[in-house]
Amino acid sequence: MAPIEEPAPTAAEPGAGAADPAVRPVDVLRVTSVQDVTRAVRRVTLTASAAVVAACGPTMSLLVPRPDDRSPRWPQVARDGRIVWPQGSHGVALRSYTARRQDPSAGEIDVDFVLHGDGPAASWAASAQPGAVLGLASAAPLGASPAGWLLLAGDETALPAISRILAAAAPDTRGVALLEVAGPQEEQPLAAPAGVELRWLHRAGTAPEASTLLVDAVAALSRPPGEDLFAWVGAESAVVRAVRADLRGRWGLRRGQHHAIGYWRAGRAMSPAG
Ligand SMILES: Cc1cc2nc3c(=O)[nH]c(=O)nc-3n(C[C@H](O)[C@H](O)[C@H](O)COP(=O)(O)OP(=O)(O)OC[C@H]3O[C@@H](n4cnc5c(N)ncnc54)[C@H](O)[C@@H]3O)c2cc1C
């Protein structure tokens, strides 16, 4: 995973080769089907061996080739997790995504890509067809912890993660999920415990990079009593910084009571590798 707050994977050691025992090849995921969940979200179903599917998520560091490149020059992965890029031009970008569904017995993974209109990953997803390939460099947890009261806050990019957190929550969990999308047409059905309110926030024409909906919605929430609570936040980087500051300050959340990660960065690509 390469969230903004953590150091990006280091590129390079040129010359590391396939025979080098200190590196391993990336796992290759192949597209089997593509489906539009909404106008802005495309679900890509990928196949791999049961072992790769079981270990591939929930958060994935994906290697995204140029659209239509079915034989990319993949990097390799060092024992310590560093990406070892091939020398010269390779056209592969490193981006973080979430496995919305992992089914090892079927050898299937679903990834929901936001078609935000720019960038190697969004462009790849916009033209993905069966047979297209992605590389998988590494996997990581979502960072959520179970608690009696949950605050979840995110935009379209975080819906796959939030859907998994809600699905894994105990039936008696209470709380609120603040879900920012472009409008009612972008809402998705989410299974949640009865005590967790799903509150959809509509940008209604405001550009994603200009939206303060999540910051304002969290600012309007009173802290629930007690310490059995956890907040999970995934959205644009500046939004996440503002929400995190509010939760640490006004709510007094300790380190183990929240996980707030910038999922994308307005005006900038996510990784120097792209
Ligand atoms: C742990 C983690 C999990 C993630 N899971 C998912 C997921 O399941 N699905 C998903 O769609 N995204 C997910 N993201 C977000 C995704 O990695 C970023 O949106 C990423 O920037 C997309 O890469 P790109 O190559 O399309 O665009 P980039 O090359 O990174 O950026 C190009 C331009 O597009 C803009 N941009 C990037 N994302 C958006 C956006 N969402 N809306 C508007 N403008 C944008 C940037 O500001 C930049 O100007 C996740 C991020 C993290 C850190």
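Remember, it's a predicted structure, so these values are computed and weren't measured experimentally.

### Regarding the environment of Leu247
Position of Leu247 among the secondary structure elements: in helix 5 (residues 237-249). Put simply, Leu247 and Val218 are 29 residues apart on the chain and 8.3 Å apart in space, counted from C-alpha to C-alpha. Beyond its immediate chain neighbours, meaning those up to four positions away, Leu247 contacts Leu151, Val218, Ala231, Val233, Gly252 and Leu253.

### Here we look at the packing of aromatic side chains
A complete count under the given rule lists 4 aromatic pairs for this structure. Aromatic side chains Trp232 and Tyr263 sit 5.8 Å apart centroid to centroid with 90° between the ring planes, which places their arrangement in the edge-to-face category. With Trp232 in strand 13 (residues 229-236) and Tyr263 in strand 14 (residues 258-264), the pair connects residues that are 31 residues apart, well separated along the chain. Of the two residues examined, Trp232 and Tyr263, each falls in the buried class. Members of the aromatic cluster, each reached through a chain of ring pairs, are Tyr97, Phe113 and Trp124.

### Re the pairing of strand 2 (residues 27-36)
Bridge count between strand 2 and strand 9 (residues 133-140): 4 bridges; the pairing is antiparallel. Among the inter-strand pairings, Val28 is bridged to a residue of strand 9, identified as Gly135. Bridge count between strand 2 and strand 3 (residues 41-47): 6 bridges; the pairing is antiparallel. Counted as the bridge partner of Val31 is Leu46 from strand 3. Hairpin connection, strand 2 to strand 3: the antiparallel pair is bridged by 4 residues.

### Description of the sheet that holds strand 14
Pairing is parallel in the open sheet, where 5 strands are placed in the order 12-11-10-13-14. Unpaired on one side and paired on the other, strand 12 (195-202) and strand 14 mark the two borders of the sheet. Across the sheet, the mean angle separating the axes of adjacent strands is 10° when strand polarity is ignored. In this fold helix 3 (residues 159-168) packs onto strand 10 (149-154), strand 11 (174-181), strand 12, strand 13 and strand 14, with an angle of close to 165° to the strand it touches most, strand 10. Strands in contact with helix 5 are strand 10, strand 13 and strand 14; relative to strand 13, the strand with the most contacts, it is inclined by about 160°.

### What to know about the confidence of the model for the chain
When pLDDT is averaged along the chain, the result is 91; 91% of the residues meet or exceed 70. Below a pLDDT of 50 lies the segment residues 1-18, which in the model reaches 43 contacts outside its immediate sequence neighbourhood of four places, other chains included.

### Some details on the layout of surface pockets
What the largest pocket holds in volume is close to 900 Å³. Contributing to the lining of the largest pocket are 37 residues, with Tyr97, His116, Thr157, Tyr263 and Trp264 lying nearest its centre. At the level of elements, strand 7 (93-103), strand 8 (108-114), helix 2 (120-127) and strand 14 are the ones that each hand at least two residues to the lining of the largest pocket. Residues lining the lining of the largest pocket come from more than one domain, with at least three contributed by each of domain 1 (24-140) and domain 2 (149-264). Volume-wise, the second largest pocket comes out at about 250 Å³.

The rules behind each value
Residues numbered from 1 in each chain as written. Predicted model: local features only at pLDDT ≥ 70, side-chain atom pairs only at ≥ 80, totals over all residues. Heavy atoms only, no water. Helix = DSSP H or I, 4+ residues; strand = E, 2+ residues; numbered from the N terminus. Contact = heavy atoms within 4.5 Å. Phe/Tyr/Trp six-rings, centres within 6.5 Å; stacked < 30°, edge-to-face > 60°. Buried < 20%, exposed > 50% of the residue type's maximum accessible area, 1.4 Å probe, protein only. Pairing = 2+ DSSP bridges. Axes fitted to C-alpha atoms, helices over the stretch in contact; angles between N-to-C directions. pLDDT = per-residue confidence, 0-100. 1 Å grid on protein atoms, 1.4 Å probe; cavity = no way out; pocket = protein on both sides within 12 Å on 5 of 7 lines; lining within 4 Å. Points joined across faces, edges and corners; volume = space filled by probe spheres on them. Domains from an automatic or database assignment.

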